[in-house]
Amino acid sequence: AQSVTQLGSHVSVSEGALVLLRCNYSSSVPPYLFWYVQYPNQGLQLLLKYTTGATLVKGINGFEAEFKKSETSFHLTKPSAHMSDAAEYFCAVAAVYGGSQGNLIFGKGTKLSVKP
Amino acid sequence: DTEVTQTPKHLVMGMTNKKSLKCEQHMGHRAMYWYKQKAKKPPELMFVYSYEKLSINESVPSRFSPECPNSSLLNLHLHALQPEDSALYLCASSLREGPTDTQYFGPGTRLTVL
């Protein structure tokens, strides 16, 4: 079975500071990993994804994530936080077994707060 | 155009009502999904349609009935719901039902069951 664990349900940073949101995965096969963002009362928007190839993935809004197989991690970073980054962030792994291929298995989410 | 639209935006219904949620996409995607998201929780998969056929039903109660009339539309028919069914219902679509295909989400329907 595949799963993701997001460390920290709530992260608070100051505007201009580094954003680091942690995600670790468990998978017996090479994983396909995603980061989504959800603003209040809205749907989910894809930030970036890793399938194969380059392990450093760049996404929208200045976010990037690095796939580290040795650490089973896919942490999300942004060099300088903006107030508009305040939202809920979900890490997800795509199921690749049986009849459920492609279905997303989400972590519990991390709420990012940005202080002025 | 990477937009998935959902109507209505909000819905309040009694436990004896019948209502429907609608989802639409015009990206040529052949996989469509229904998710349920409770407050402060991640989305949970309910149903998957692939090429207009039900591919996955994640043991959802029969009071939820999905329908995919064509490749662009996905409905969720609701009947005799319980207050615990109150949640944000999200629709998503992807090019195919595959692990590398990005799912694009709609804004959701906020459902309240009284």
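Structural notes, computed from the coordinates. (Residues numbered from 1 in each chain as written. Chains lettered and ligands numbered in written order. Predicted model: local features only at pLDDT ≥ 70, side-chain atom pairs only at ≥ 80, totals over all residues. Heavy atoms only, no water.)

**Details of the pattern of salt bridges**
All names here are of chain B.
Part 1 of the reasoning: On inspection of all chains with the given rule, the structure shows six salt bridges over all chains.
Part 2 of the reasoning: The salt bridge partner of glutamate 52 is arginine 30, with a shortest N-O separation of 2.7 Å. On the criterion of sequence distance, the pair formed by glutamate 52 in the loop between strand 5 (44-50) and strand 6 (53-57) and arginine 30 in the loop between strand 3 (18-25) and strand 4 (31-37) is long-range, its members being 22 residues apart.
Part 3 of the reasoning: Classification of glutamate 52 as partly exposed rests on a relative accessible area of 30%.
Part 4 of the reasoning: Exposure remark for arginine 30: the relative accessible area of 28% places this residue in the partly exposed category.
Part 5 of the reasoning: Note that lysine 36 is salt-bridged to aspartate 85, the shortest N-O span being 3.9 Å. Of the two residues, lysine 36 is situated in strand 4 and aspartate 85 in the loop between strand 8 (73-79) and strand 9 (87-94); the sequence distance between them amounts to 49 residues.
Part 6 of the reasoning: For lysine 36, a relative accessible area of 17% puts it in the buried group.
Part 7 of the reasoning: Given the relative accessible area of 2%, aspartate 85 is considered buried.
Part 8 of the reasoning: Here the salt bridges do not stand alone but share partners, grouping Lys36, Arg63 and Asp85 into one network. (Salt bridge = Lys/Arg side-chain N within 4 Å of Asp/Glu carboxyl O. Helix = DSSP H or I, 4+ residues; strand = E, 2+ residues; numbered from the N terminus. Buried < 20%, exposed > 50% of the residue type's maximum accessible area, 1.4 Å probe, protein only.)

**Examining the state of the cysteines**
Part 1 of the reasoning: Taken as a whole and judged by the stated rule, the model has two disulfides over all chains.
Part 2 of the reasoning: Each disulfide pairs two cysteine sulfurs, and for cysteine 23 of chain A the partner residue is cysteine 91 of chain A, the sulfurs being separated by 2.0 Å. Note on the cysteine 23 of chain A and cysteine 91 of chain A pair: the S-S dihedral is about -65 degrees, so by sign convention the disulfide is left-handed. Residue cysteine 23 of chain A is located in strand 3 (residues 19-26), and its partner cysteine 91 of chain A is located in strand 9 (residues 87-94); the two are separated by 68 residues in the primary sequence. A single burial state applies to cysteine 23 of chain A and to cysteine 91 of chain A, both of which are buried.
Part 3 of the reasoning: In this model, cysteine 23 of chain B is linked to cysteine 91 of chain B through a disulfide, with the two sulfur atoms separated by 1.9 Å. Residues cysteine 23 of chain B and cysteine 91 of chain B share a disulfide whose torsion about the S-S bond is about -70 degrees; that sign makes it left-handed. (Disulfide = S-S within 2.5 Å.)

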